[in-house]
Amino acid sequence: MMDYKKLPTIDYRTFNRKSDKVQKLIRQSLQIINALGIPIDDLTERQKEKMAMAFLAVGDVKTSAGWKKIKDSNNEYSLTTREIIAYENKYFEENISSGSYDDIKRKDLSKLLLAMIVVNSKPGSNTSNPTRGYKINSEYSRIIKNYGQSDWFMQVEAFNKMHPTYAERVKEIHLKDGEHNAIQKQVIEELLPRFGYGAVLLYCGDSDNKYGLIFEKEKLTELGFSDLTQSILPDVVAYSSEKDWIYLVEAYHTSNPITPQRKLELQQILGEKADKAVFITAFENNSAYRNCSEELAWETEVWIATEPDHMIHRDGFRFMGPYGDNAFNDRLHAYIAVLRNRENLE
């Protein structure tokens, strides 16, 4: 994370055309966001600018003197995604189309929502509900209101020790309730610890968030997932540095097992790294597995949550692992040797 004690810089055409007053306010917004634990280094210049403006809008902060009066969840004030766009156009010298409202939550507010610095006005409402607004969490407004005080950075450090940061909240993986998400949660908490060889979670889908939860963007891109959308990624992606294996897991509820077509699609995305992939379809129980067992691709794995200590190998061999690397050849030769030994004994 960049040094949050320095005002961040932005070098982008929309930002550079703005007045000094608005530029300063946006930079202050980013400084506060970064100090509260939101990483901004991996964002583009425009993404930084838009996140900062959305943060200002939901707190109704129009000037540098406005931090002391930032509005929060204790107030009636909240803005819908369309209202946020109107606010940014009016106060921050923007000209954003009202049709871009979906980008506000999906992109501009996503990290702030995951960190719970911003909360929605109607908890439990559908994500597509046009009346759902967003506001600053009152827990965070207390420290934000002190911005500018001589010891503010010391206050923030103490505050962050008492409140989970963005990274800590994300790692807790609080997926929304739902049968599909529940299977993913079991994959993370039960399958990977048993069969993952220390695998690190890179991505997890979330039925309440069509873009899922991305934990290691650079590693995903390195593996070939340049298009980080849930329609492309499997439900869970993890990587074991110990084995150099890529775990690609689909959590089956009523659809989307790893069929021959899905397996080929994932192999094409991974390219030459497909040799390191372990393809797994996870099921809630045996009944769910039986419902689609004939659809599953060969040379893949099956894991059933009700029997977490066991794997079903769709290949005839006993050992889980990639099928295109040298390790597979070693397992194949070992298996053949076992068969020959049995024949000699008989």
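About the cut-offs
- Residues numbered from 1 in each chain as written.
- Predicted model: local features only at pLDDT ≥ 70, side-chain atom pairs only at ≥ 80, totals over all residues.
- Heavy atoms only, no water.
- Helix = DSSP H or I, 4+ residues; strand = E, 2+ residues; numbered from the N terminus.
- Buried < 20%, exposed > 50% of the residue type's maximum accessible area, 1.4 Å probe, protein only.
- Contact = heavy atoms within 4.5 Å.
- Areas by Shrake-Rupley, 256 points an atom, 1.4 Å probe, with all protein chains shown as cover.
- Phe/Tyr/Trp six-rings, centres within 6.5 Å; stacked < 30°, edge-to-face > 60°.
- Lys NZ or Arg CZ within 6 Å of the ring centre and 35° of its normal.
- Pairing = 2+ DSSP bridges.
- Core = buried A, V, L, I, M, F, W, Y, C linked by side-chain atoms within 4.5 Å.
- Arc of directions from axis to C-beta.

Asker: I'd like a rundown of the overall build of the chain, residues and numbers included.
Answerer: Scanning the chain from N- to C-terminus turns up 14 helices and 9 strands. When each of the 346 residues of the chain is scored for burial, the buried share is 48%. Counting only contacts in the chain whose residues sit at least 6 apart along the sequence, the fraction spanning at least 24 positions is 57%. Accessible area for the chain stands at about 17600 Å²; split by element, carbon and sulfur atoms hold 47% of it.

Asker: Lay out the packing of aromatic side chains with the relevant residues and their values.
Answerer: For the structure shown, the criterion picks out 11 aromatic pairs. The interplanar angle of 70° and the centroid separation of 5.3 Å between the aromatic rings of Tyr140 and Phe159 together place this pair among those described as edge-to-face. Remark: Phe159 occurs in helix α8 (residues 152–162) and Tyr140 occurs in helix α7 (residues 138–144); sequence separation between them is 19 residues. Across this residue pair, the class does not change: Tyr140 and Phe159 are buried. Note on Tyr252 and Phe283: the rings are 5.1 Å apart at their centroids and 45° apart in plane angle, and the pair reads as tilted. Of this pair, Tyr252 sits in strand β6 (residues 245–252) while Phe283 sits in strand β7 (residues 277–283); the two residues are 31 residues apart in sequence, bridging distant segments of the chain. Directly above the ring of Tyr91 sits Lys62, whose terminal nitrogen or CZ lies 5.1 Å from the centroid. Seen from the ring of Tyr101, Arg82 lies directly overhead, with NZ or CZ sitting 3.9 Å from the centre.

Asker: If you had to explain unusual backbone geometry to someone new, which residues and values would you point to?
Answerer: For Met116, which is not glycine, the phi dihedral falls at a positive 65°. On the accessibility criterion, Met116 (38% relative accessible area) is partly exposed. Look at Asp244: it is not a glycine, yet its phi comes out positive at around 60°. In this structure, Asp244 sits in the loop between β5 (236–240) and β6. Using a relative accessible area of 26% as the deciding quantity, one classes Asp244 as partly exposed.

Asker: So what's going on with the pairing of β5? Which residues, and what values?
Answerer: Most of β5 sits inside the fold, with 5 of its 5 residues counted as buried. The side-chain alternation of β5 yields two buried faces, one formed by Val236, Ala238 and Ser240 and the other by Val237 and Tyr239. Across 5 bridges, the pairing between β5 and β6 is antiparallel. Bridge assignment links Tyr239 to a residue of β6, and that residue is Ile246. Counting the residues in the hairpin turn of β5 and β6 gives 4 residues, including Asp244, whose phi is positive at 60°.

Asker: Give a detailed account of the environment of Gly59, specifying residues and quantitative values.
Answerer: As for its position among the elements, Gly59 is in helix α3 (residues 45–59). The exposure class of Gly59 is buried, given its relative accessible area of 0%. Counting along the chain gives 59 residues from Gly59 to Val118, while the straight-line C-alpha distance between them is 9.1 Å.

Asker: An account of the nonpolar core is needed here, citing residue identities and associated values.
Answerer: Membership of the largest hydrophobic core comes to 48 residues, with the highest contact counts inside it found for Phe55, Trp67, Leu112 and Ile144. Taken together, the elements giving at least two residues each to this core come down to α2 (20–35), α3, α4 (81–91), β2 (134–136), α7 and α8. The element best represented in this core is α3, accounting for 8 residues.

Asker: Residues and numbers for helix α12 (residues 260–270), please.
Answerer: Looking only at α12, the buried set comprises Arg262, Lys263, Leu266 and Leu270. Down the axis of α12, the buried set is contained in an arc of 100°. They therefore lie on one face. Residues of α12 that are exposed and angled more than 90 degrees away from the buried face: Pro260, Gln261 and Gln268. Buried residues in α12 make contact with α11 (217–223), β6 and β7. A positive backbone phi angle near 60° is found at Gly271, which sits one or two residues after α12.

Asker: Any chance you could break down the environment of Asp108 for me, citing the residues and the numbers?
Answerer: By secondary structure assignment, the location of Asp108 is in helix α5 (residues 101–108). Overall, the relative accessible area of 4% leaves Asp108 in the buried class. Separated by 57 residues in sequence, Asp108 and Met51 place their C-alpha atoms 4.4 Å apart. Setting aside residues no more than four positions away along its own chain, Asp108 makes contact with Lys50, Met51, Ala54 and Asp103.

Asker: Describe α4, and please don't skip the residues or the numbers.
Answerer: The set of residues buried in α4 consists of Thr81, Ile84, Ile85, Tyr87 and Glu88. Summarising the axial view, the buried residues of α4 lie within an arc of 160°, below the 170-degree limit, and thus occupy one face. Turning to α4, the residues buried within the fold contact α3, α5 and β2. The positive-phi residue at the C-terminal boundary of α4 is Glu93, with phi of around 55°.

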